[in-house]
Amino acid sequence: MSELTQPLDGEPAARVLVAGASGFTGALAAQLVWRHPRLELVRVTARSEAGTRLDSLYPRYRVPLELEELDVSGAGDCEAAIVAYPHGAAAPVVAGLREQGVLVVDLSADFRLRDPKEYERWYGERSAPDLLEGAVYGLTELHRERIAAAELVANPGCYPTAAILALAPLAADGLVEDVVIDAKSGVSGAGRGGSDFVTVDENFTPYGTDGHRHEPEIAQELRALGADVPLTFVPHLLPIDQGELVSCYVRTARELGGEELAELYRGRYDEEPFVELTDAPPGVRDVRDTNLCRIHVTANGNGRTMVFAAIDNLWKGASGQAIQNLNLMLDLPETEGLK
């Protein structure tokens, strides 16, 4: 088999473009599409590394395609695209792809927040606002049916993915009165231009303590579940390359025992392919290079419920979830090509 031949299983369900494939999430998305048995990766693009093969930038991903400059007008030969551009830069690309009839999963924040004022507060003026109404928030476990019918999916941020999955069972049952979310992520969450090694090594620091742009995203989805409650969110930077853990401390509407909590979470997640409930708090290594979210819930006996959720911020927090969503949009099994 030629190194330029994908290991496809029969005819592809869609030809896929990955835009912004030189970044961490875009490169992983390209690899996941490349090894997917039903998706054909036809093009990878980058704004600054055009002409470089992706496997030169990321040898471990083994994607032997040359990065190109993006030509949205020529994207009509693709049925689907994953856009891994920063906020602000993504929306015009998404709009151009949608004009070509291409299904899009957008990894930026450009279509996540429904409230225009909240978006402007955290990100500035919104581009392509006409697309917002049709965009579906891509947390698969909450919006599976809408995602399956969508043409544009706004992939959630990594912190919101873990936090909302941790809190959804309590929120949907009206049990959350207030919550503190203590969140930690590896440095890959900051992208290729993020923190340098000297700053991060043997260090551990909070950031965004005066407000973080993922907080309104978490609040939006908790409100939709019925929990319009006080929320404190503090992210921290871990001296690891990838992985994420959120520790949620919830004051509940009434005292909850361990068995009731276990039953509540089993009822919501027992049938979910990418959510695992654990008997002990999870660690980030438990989920590395997988699309899993591992959750542990317990009562501390002092009126608080504690929920811990671990994900790989590049997988379930970004590219893996993008493939999960794209599978649904293409009427494929949502686990296809994932682990």
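For the structure itself, look to the data block above.
Thresholds applied
- Residues numbered from 1 in each chain as written.
- Predicted model: local features only at pLDDT ≥ 70, side-chain atom pairs only at ≥ 80, totals over all residues.
- Heavy atoms only, no water.
- Core = buried A, V, L, I, M, F, W, Y, C linked by side-chain atoms within 4.5 Å.
- Buried < 20%, exposed > 50% of the residue type's maximum accessible area, 1.4 Å probe, protein only.
- Helix = DSSP H or I, 4+ residues; strand = E, 2+ residues; numbered from the N terminus.
- Contact = heavy atoms within 4.5 Å.
- Phe/Tyr/Trp six-rings, centres within 6.5 Å; stacked < 30°, edge-to-face > 60°.
- Lys NZ or Arg CZ within 6 Å of the ring centre and 35° of its normal.

How would you sum up the nonpolar core? Please name residues and give values.
Ranked by internal contacts, the top residues of the largest apolar core, which has 46 residues, are Val-18, Leu-41, Val-44, Leu-54, Ile-82 and Leu-326. When residues of this core are assigned to their parent elements, the largest contribution, seven residues, is made by helix 1 (residues 24–34). Leave out the neighbours within four places in its chain, and Leu-326 touches Val-16, Leu-39, Ala-80, Ile-82 and Val-105.

Which residues make up the environment of His-143, and what values go with them?
By secondary structure assignment, the location of His-143 is in helix 5 (residues 140–148). The spatial distance from the C-alpha of His-143 to the C-alpha of Ile-164 is 12 Å, given a sequence separation of 21 residues. Contacts of His-143, omitting those with residues within four sequence positions, involve Val-136, Tyr-137 and Glu-221.

Account for the packing of aromatic side chains, naming residues and giving values.
One pass over the structure, following the stated rule, counts five aromatic pairs. Feature note: the residues Phe-24, Tyr-58 and Tyr-61 constitute an aromatic cluster, connected by ring pairs. Over the face of the ring belonging to Tyr-85 we find Arg-47, whose NZ or CZ atom lies 4.8 Å from the ring centre. For the cation-ring pair, Arg-126 lies above Tyr-119, with the distance from its terminal atom to the ring centre recorded as 4.3 Å.

Please provide a residue-by-residue account of unusual backbone geometry, values included.
In this structure, Arg-62 is a non-glycine residue whose phi angle is positive, near 55°. Here Arg-62 lies in the loop between helix 2 (54–57) and strand 3 (67–68). On the accessibility criterion, Arg-62 (59% relative accessible area) is exposed.

Go over helix 1, please, and point to the residues and values.
Among the eleven residues of helix 1, nine are classified as buried, and the element is accordingly described as predominantly covered. Buried residues of helix 1: Gly-26, Ala-27, Leu-28, Ala-29, Ala-30, Gln-31, Leu-32, Val-33 and Trp-34, and no others. Tucked into the core, helix 1 has its buried residues touching strand 1 (14–19), strand 2 (39–45), helix 2, strand 4 (80–83) and helix 10 (315–329).

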